[in-house]
Structures are given as C-alpha cells and as structure tokens.
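Here's the letter readout for the chains.
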Amino acid sequence: MSSAAPPGTTFLTGWGRTSPTPARLVRPATAEQVAETVRRAPERGVAARGLGRAYGDAAQNAGGLVVDCTALTSWSLDEATGLVTAGAGLSLHDLMAALVPRGWFVPVTPGTRHVTVGGAVAADVHGKNHHVDSSFGAHLRSLTLVTAGGGIRTLTPADDLFWATVGGMGLTGVIVEAVFRCVPIETSRVRVDTERTRDLDHTLETMAATDGRYRYTVAWIDLLARGGRMGRSVLTRGDHAAREELPRGADPLEFAPRALVKAPPWAPDGLLNPLTVRAFNEAWYLKSRPGTSVQGLAPFFHPLDFVDGWNRAYGPRGFVQYQFVVPFGQEATLRRIVARLSAEGVVSFLTVLKRFGPGTPGMLSFPMPGWTLALDIPAGQRGLAGLLRALDAQVAEAGGRIYLAKDSRMAAGTMAATYPRLAEWRKVRDEADPDGVFRTDLARRLGL
C-alpha cells in the first residue's frame, strides 16, 4: 500500500486486508440520496458497500465512487407473521439484538453477525442451516433497488432482476431495503450435540447420516492432521432450545453479545504458522468433548465475533479465504483437495465443512447441493497462488464453483466455467444497466 490515498479518496480493502484500492466514499442517509448519488455516477462507476465483510474486492471500486450504505438502518417487524422490513445498511447484529428479545431470529446467518442486510442479499449468504433452509434469498419477499438511472424499484421473486440481484454481488444496483420472513424461537439458546470423528471418511459418513436430524450443522476440520487422522473433525449440530431446557430462573430471550477481547492493531507475519496452528488444532480437538450442551446463540453461530478485529491476527499481508462447493457424488474430489492441502502443510486457522441443500434461483448464487469447504490462509505462503489455481481446476472439473463473496484471486476463465447461468445474468444486468454504472474491482477482475 502506498503511504496515502489520492486527495479526496480512501483506501478500501475487504476483510482479508489484501489488494487495497482508493475510491471516493460517500454515505447517503436515505434511499433518495442514494438515487441522487447514482444519477451523478462518475466515469469509473459506483459500487455499494456495507460493513466491509466480503473477504476480497467485492466492495471496492478503484478510482470510482463507493456508496457506504450503513446509514440505511430503519426496520420494522410484523409480530403476527415474522416479516421484517429492513434498510440495507442494518447489520444482522443490530437486527438480532432487536428481534431475539421479541422471540424471533433471522432466517439465515453467516459466521459473523457483522454483515448488513444488503450484503446478505447481494451475496445470498448461507449458514449452518442451508441443508434445511437454503440461503438468505429463499426467505426474501421483496427488495428495493436503486437502478442505474437513479430510479427506485421494488422487486419481487417474479422479476428476473430480483434473481439477478440475489447473489449478484451489488452489480445490478444499490439495494436499499429488503423484506424477509424470520424464524420464531422460544429462547436465545441452542441445544448442541458435539461429536469427534477420526478421519475425513468418518466425517462425511456421519454428516450424511445425521444432518437431517438437525437444523444447524457444521464440521471443523483439522487440516494439518495427516495419515490415518487426515480430515479428523469436530461436528457441532444444533436446534433452537425450548424453554424447558433452560436452567430455572434464566431469562429465555436474553441476547446481548459483545466482543470479549480486541485483536492487537498490528501482528507480525508468521504468527499463524504450522507450529502454532497445529498446537491449536490439537487442543481444540481434545477440548471438544462429545455430548449435548445448551449454548447461547452467539457462541454457536458467531464464535469469531468474540475477538474484535480478528482478521488482524494474520499480519500486515492479510489472508485469503478460499471456499468452494462440489456436488454430491464428487466426494473423491473433496478427498483429493483435503489430502493435497494436508500434504502441502497449508496453514488454515479455521477450516469448516458443511452440506448444502437446494439453492435459490439466484443466477450467481453460490450454494448448490453438495459439500462446501472454507479455509482461511495467511497471504504470502510460498506456492499458494499455484496451489489454489490447481484446486480451482479440480473444483471446475467436478462441476463445482468458488464463492464470490470470499474470493480475492480467482481468474475470469474459472468464473465463466463454473457459473452456468452467467450469460443469463449478464443479459438481465445489461438490460438494467446498459452503460455499466455499477462496477467493482471484483467485476473488473472477473470480466463481469
């Protein structure tokens, strides 16, 4: 990074803190102000941004304009139906803080609460319940979009532009509001079953056999384990707890999560290395005792949020998050990838495996029925670029794809080969934005 951004601009990165680029940043307070900003779009175009939790360059626009939507935080709840109308800049954290004490929970949450409603729609985010409830777009009733000419349109699932926007990474317009149905809950706790598996085959077999019994399920994988222990995992599966499962006198709907520690503002490269991560993995595997427990929503869904700014632990060069999905029936590909990562000694502090169910009609939505693996890798590991290109090829050959909201380095050819509805999406996008008003660094890199 250079020492200073050009006058009037700000350096922006994704959560991985790689590839910073300068842009002019504005923060409109209303949908009408967003529309006026779009009408005055500069030559380098407009990109929308929320809380910056996309890992790569999806919310960056080098040399252009970036619209910070975090002031769009209005919301309302229909207590009878669970329908929420929320501004695109409202974080899931703030929404949960309002909904949970009223007996409601968001339909889908990713691994952090600190994403906006608009970001959840644009990335069609998924969570531990995808095998049961699909992704965020499946629960949308309507969304409001500022279009390329500065108009404001309300879209429903009957509109092609709706499904081009869900998972469309902000490239069809600026989402300013969404309406979606939430989930009724009796408590702010989760009944969790924990189980350890001995290797990858045991992990896959157990998940396939038991996932249908739980609404939420995920496996943490020890990626550094080798030999007969390769792919050993800790499975956590859960459902919303009932009132009678809570201790006497407990507040059933208490919800006030906060960060417990703050990551240091600076950490050296190499802090996360094979030695430290292997020690952590061993301790975590042994600590995770099999059995049933009742946990809070935050520890179960968002454990990393307890560390404020945890992304800084990867050092000044940042990190790469790599997440792919391969269809059911391609377990051999998944095994080969895990074996390659294990043999290469790839350092990943957090490696998680989930099973996806049916996806949404989102044209660029990532989830599809199959296995999805996500890992965080410190940037700068020797040979990492070539290794990930080789894994991309295996994913593509298996009929899988890479998650755009996590991606910071995929090639345009891989994108074209792995998203079969790309041409359909481009047609709808070009009709809505013929002059290419909405642009991001990700779109330029992938030729979108």
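The sections below set out a description of the structure shown in this document.

Cut-off values and rules
- Residues numbered from 1 in each chain as written.
- Predicted model: local features only at pLDDT ≥ 70, side-chain atom pairs only at ≥ 80, totals over all residues.
- Heavy atoms only, no water.
- Helix = DSSP H or I, 4+ residues; strand = E, 2+ residues; numbered from the N terminus.
- Contact = heavy atoms within 4.5 Å.
- Areas by Shrake-Rupley, 256 points an atom, 1.4 Å probe, with all protein chains shown as cover.
- Lys, Arg positive; Asp, Glu negative; His and termini not counted.
- Charge placed at Lys NZ, Arg CZ, Asp CG, Glu CD.
- Pairing = 2+ DSSP bridges.
- Axes fitted to C-alpha atoms, helices over the stretch in contact; angles between N-to-C directions.
- Salt bridge = Lys/Arg side-chain N within 4 Å of Asp/Glu carboxyl O.
- Buried < 20%, exposed > 50% of the residue type's maximum accessible area, 1.4 Å probe, protein only.

**What to know about the overall build of the protein chain**
Point 1. When helices and strands are counted, the protein chain shows 13 helices and 21 strands.
Point 2. If you line up the protein chain on its principal axes, its C-alpha atoms span 60 × 55 × 45 Å.
Point 3. Within the protein chain, contacts between residues separated by at least 24 positions form 75% of all contacts whose residues are at least 6 apart in sequence.
Point 4. A total of about 17,700 Å² of accessible surface is found on the protein chain, and carbon and sulfur atoms cover 54% of it.
Point 5. In the protein chain, 50 positive and 42 negative side-chain charges are present, and the distance between their average locations comes to 5 Å.

**Some words on the sheet that holds strand 4 (residues 65-68)**
Point 1. Taken together, four strands build an open sheet; the order of strands is 1-2-4-3 and the sheet is mixed. Where the open sheet ends on each side, the last strands, each with one partner, are strand 1 (10-12) and strand 3 (46-49). On average, adjacent strands in this sheet sit at an angle of 50 degrees to one another, irrespective of strand direction.
Point 2. In the sheet, strand 3 pairs with strand 4 via four bridges, with the strands oriented parallel. Counterpart to Arg49 in the pairing with strand 4 is Asp68.

**Examining the pattern of salt bridges**
Point 1. Under the defined criterion, the tally for this structure stands at 19 salt bridges.
Point 2. Close ionic contact of Glu36 with Arg40 constitutes a salt bridge, the shortest N to O distance being 2.7 Å.
Point 3. Exposure remark for Glu36: the relative accessible area of 30% places this residue in the partly exposed category.
Point 4. Among the residues examined, Arg40 registers a relative accessible area of 63% and is labelled exposed.
Point 5. Here Arg409 makes a salt bridge to Asp392, at a shortest N to O gap of 2.6 Å. Here Asp392 lies in helix 10 (residues 384-397) and Arg409 lies in the loop between strand 21 (401-402) and helix 11 (412-418), a separation of 17 residues in the sequence.
Point 6. The exposure class assigned to Asp392 is buried, which follows from its relative accessible area of 3%.
Point 7. Connected through shared salt-bridge partners, Glu36, Arg39 and Arg40 make up one network.

**Observations regarding the sheet that holds strand 20 (residues 370-378)**
For sheets, the rule is that strands pair by backbone hydrogen bonds, running either parallel or antiparallel.
Point 1. Spatial ordering of the open sheet is given by 16-12-14-13-19-20-18-21, a layout of eight strands whose pairing is antiparallel. Each end of this open sheet is capped by a strand with a single partner; those strands are strand 16 (291-296) and strand 21.
Point 2. Pairing analysis gives two bridges linking strand 18 (residues 319-327) to strand 21, with the strands arranged antiparallel. Bridge pairing in strand 21 links Phe324 to Ile402.
Point 3. In the packing of helix 9 (residues 331-344) onto the sheet, contacts are made with strand 18, strand 19 (351-356) and strand 20, and the angle to strand 20 comes to roughly 15 degrees.

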